[in-house]
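So the chains spell out like this:
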Amino acid sequence: MQIETRKELESLPSTVHGGQGWKLDGVEDYSQNLNPFGPPKDLSSILADSVKDTGHYPDADCMSVRKAIAEHYGLGPENVAMGAGSSEIIRNFPQVFIRPGESVLIPTPSFAEYTQQCKIAGVQVDNIKLKAENDFRLDRNELFSMLESKHYAALYICNPNNPTGRVEKREKLIEIVRRCDELGTMVFLDETLLSLVADESLVSLSGMVRDFSNLIVAHSFTKSFAIPGMRVGFALANDKIIKEMDKVRLPWNVGTLEQTAAEHLVRYDISYVSEAANTMRRESKVMHSELEALGFPVGPLSDSFFYFTSVRELGMNGAAFQKAMLQEGIMVRDCASFGPGFEDYVRFCVKDSSRNRKFVEAVHRVLKSMSD
């Protein structure tokens, strides 16, 4: 017999992600948007102590960690759904709320998994282009015009947006969520990277999810605590949305070690994240100033802790600049995978002072080699 896949999968490519520098010896990875200070120092002992509990199944309801997360955001455990990373939340959302053949609206460039998982679910994806001349921010008028032009089952927003690093303000987001509610459109708001932004508390909608009937907010411990090897994510929403999301999650989707770590981190190590965010805010200003002084086209100061910039005026595309920086022991993200028009863009993150200096010095050598 001839094996055939579903038609939605016939031409579906694999998504491309950063964070591959660990595979290369002697390379410092600036392509991943992680807390640059690594996991909290107490995490190892917490994990070691919890190994004894791996002889039985984990709590399928993740109740202890859900309570801890809920308390942090001023919510109840009924407002929290756990996932094996935010990737599982992203995967489950269209499976629950979007019927095959329906349409969603996704900004571009943005995180590739939104489109990937929608296409796997048989969902039609339309894009609203984020433009360089608008600083890669959502144009409210254009967005509302598109939302009103046809029925969209959902709108996806990443805040800060990956890869552009731009942060949309809370008032703007609330207006968008309310307009979507009027139009019968759900909003998937990804705040995975927001905890590493110094102004998180002034921007986040996480503590407000009970105020909306159409909002789900995705989070992850991956970036904020620098633990990509442990898959722990969660969603916040009103209890009706969470009940529906719970229907499609895998049994025991978050292991015992992950649940123990996550509960400890959210109860005792949140200040570790906020301190990192404040440090990166300060260091971003220094890094930005030094790159500008070199004549590198860094663009505006980032709203967050990573930069998305075109290297076209250097006579290079993203792949060429990535290769040149690798020769200096630095990994940046070539952003060609974000789609047509972004072949000249790269993304790189802010770290601590000494490593940012290393990055700037590497850029200086690359620029010097071009002029020699």
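Heads up: the structure comes first, above all this text.
Rules used throughout
- Every chain begins its residue count from 1, and numbering advances along the sequence as written.
- Thresholds applied to this predicted model are a pLDDT of at least 70 for local features of residues and 80 or more for the giving and counting of side-chain atom pairs; totals over whole chains, interfaces and linings are not thresholded and use all residues.
- No hydrogens and no water enter the side-chain calculation; it runs on all heavy atoms of the structure.
- When the centres of two rings from Phe, Tyr and Trp lie within 6.5 Å, Trp using its six-membered ring, the rings pair. Their planes under 30 degrees apart give stacked, over 60 give edge-to-face, and anything left gives tilted.
- Working definition: helices are DSSP H or I runs of at least four residues, strands are E runs of at least two. Numbering for both runs from the N terminus.
- We call a residue buried when its accessible area falls under 20% of the maximum for its residue type, exposed when it is over 50%, and partly exposed in between, using a 1.4 Å probe and counting protein chains only.
- Any Lys NZ or Arg CZ found within 6 Å of a ring centre and within 35 degrees of that ring's normal is scored as a charge over the ring.
- Only protein atoms enter the 1 Å grid, on which a cavity is a set of points fitting a 1.4 Å probe that cannot get out and a pocket is an open set with protein on both sides within 12 Å along at least 5 of 7 lines, lining residues being those with an atom within 4 Å of a point.
- Grid points are joined across faces, edges and corners, and a volume is the space filled by probe spheres set on the points.
- Working rule for helices: expected span equals 1.5 Å times residues minus one.
- Working definition: the arc comes from the directions between the helix axis and the C-beta atoms, pointing outward to the latter.
- Whether two residues are in contact is decided by their heavy atoms: any pair within 4.5 Å suffices.

Undergrad: So what exactly am I meant to see when it comes to the packing of aromatic side chains here?
TA: In this description, an aromatic ring pair is defined by two values, namely the gap between the centres and the angle between the planes. For the coordinates displayed, the defined rule picks out 22 aromatic pairs. Their ring planes at 50 degrees and their centres at 5.0 Å tell us that Tyr 30 and Phe 359 sit as a pair that is tilted. Linking Tyr 30 in the loop between strand E1 (28-29) and helix H1 (43-50) with Phe 359 in helix H13 (residues 353-371), this pair joins segments that are 329 residues apart in sequence. Each member of the pair, Tyr 30 together with Phe 359, is buried. Where Phe 93 meets Tyr 156, the ring centres are 5.8 Å apart and the plane angle is 90 degrees; that geometry is what we call edge-to-face. You can see Phe 93 sitting in helix H3 (residues 86-97) and its partner Tyr 156 sitting in strand E5 (residues 154-158), a full 63 residues away along the chain. Pair check on accessibility: Phe 93 and Tyr 156 agree, each one buried. The ring of Tyr 30 has Lys 351 sitting right over it, with the charged end atom 5.0 Å from the ring centre.

Undergrad: Is there a simple way to explain empty space enclosed by the protein in this structure?
TA: A probe matching the size of a water molecule, rolled over the atoms, marks out where space remains unfilled. Applying the stated rule across the entire model yields 3 cavities of 30 Å³ or more. When its volume is computed, the largest cavity comes out at roughly 80 Å³. Surrounding the largest cavity, Pro 107, Ser 110, Leu 130, Phe 136, Arg 137, Leu 138, Ile 157, Cys 158, Asn 161, Thr 164, Arg 166 and Glu 168 form its lining. If you add up the space inside the second largest cavity, you get close to 40 Å³. Considering the residues around the second largest cavity, the lining is formed by Ala 81, Met 82, Ile 89, Asn 92, Met 245, Asp 246 and Arg 249. Those elements that place two or more of their residues in the lining of the second largest cavity are strand E2 (80-83), H3 and helix H9 (239-246).

Undergrad: Honestly, H13 in this entry has me stumped. Any pointers?
TA: In an α-helix, one turn spans 3.6 residues; hence positions three or four apart end up facing the same way. The first and last C-alpha atoms of H13 sit 27 Å apart over 19 residues, in line with the 27 Å expected at 1.5 Å per residue. Among the residues of H13, those classed as buried are Asn 356, Phe 359, Val 360, Ala 362, Val 363, Val 366 and Leu 367. Along the axis of H13, the buried positions cluster into a sector of 155 degrees, meaning they face one direction only. Lining the buried residues of H13 we find helix H11 (270-294), helix H12 (318-326), strand E10 (330-331) and strand E12 (345-349).

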